[in-house]
Amino acid sequence: TLKGGAVFRPGKFNKALQTGFYTVNLLSNPSFEGTYSSGVAPSWSAYATGSAAGTRATTTDAYAGSAAQNLKRTGGGSADKWGVYTTSAAIGGTAAAMQVRYKVLSYSAGAIVRMYADFTGGPYGEGASHTIVSADIGEWQVLWDTATVGSTDTCTFYVWIEGANASIVIDAAQVEN
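A short tour of the structure in this document, coming up. Owing to the predicted nature of the structure, the values given are computational and were not obtained by experimental measurement.

**Some details on the overall build of the chain**
Looking only at helices and strands, the chain features 0 helices and 12 strands. Element order for the chain, N to C, with α for helix and β for strand: β-β-β-β-β-β-β-β-β-β-β-β. Taken over 177 residues, the chain has a buried fraction of 44%. In the chain, once contacts between residues fewer than 6 apart in sequence are set aside, the share between residues at least 24 apart is 72%. Only carbon and sulfur atoms are counted for the fraction: they give 52% of the accessible area of the chain, which is about 8400 Å².

**Details of the packing of aromatic side chains**
According to the stated counting rule, one finds 10 aromatic pairs in the structure shown. What links up through ring pairs into an aromatic cluster is the set Tyr-47, Tyr-85, Tyr-116, Tyr-158 and Trp-160. If you follow Arg-56 out to its NZ or CZ, it ends over the ring of Trp-82, 3.6 Å from the centre.

Calculation criteria
- Residues numbered from 1 in each chain as written.
- Predicted model: local features only at pLDDT ≥ 70, side-chain atom pairs only at ≥ 80, totals over all residues.
- Heavy atoms only, no water.
- Helix = DSSP H or I, 4+ residues; strand = E, 2+ residues; numbered from the N terminus.
- Buried < 20%, exposed > 50% of the residue type's maximum accessible area, 1.4 Å probe, protein only.
- Contact = heavy atoms within 4.5 Å.
- Areas by Shrake-Rupley, 256 points an atom, 1.4 Å probe, with all protein chains shown as cover.
- Phe/Tyr/Trp six-rings, centres within 6.5 Å; stacked < 30°, edge-to-face > 60°.
- Lys NZ or Arg CZ within 6 Å of the ring centre and 35° of its normal.

Shown next as structure tokens:
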């Protein structure tokens, strides 16, 4: 008996079934679908710090669905961030799981892709990161983390490039209870 939701993903024979156990994705546009505004998917916003520069655009090179978000950082100091963010619905439980899929198109040495989450009642700065290496080029990777949170908390969920320049595609973002 299937309990929870069913999600169809690419698999060994071009299709696979992923089942979830009583989880709900709390992001309103986790697969970056829809009509983009200034290069950013609906329900998401541009995020940059310091002198970070680059482009944001839609791409059909998607992990799931028909669109994904392309982030290309072309400038800034090593601590400057270039990415996107969104805010989830209320968590509705005391545990949250976060993840995002990403594919590296190009990079400079020292580039880092980071998933970062702030919950309204804490914790702040939850997430994961990966320093990009040549073996990452063209392969879908995943960043994930879990957190203990308040049931009425929302999550501000970020994905960005820092450290050096890179071009990545992000898709299949999740904040689940």
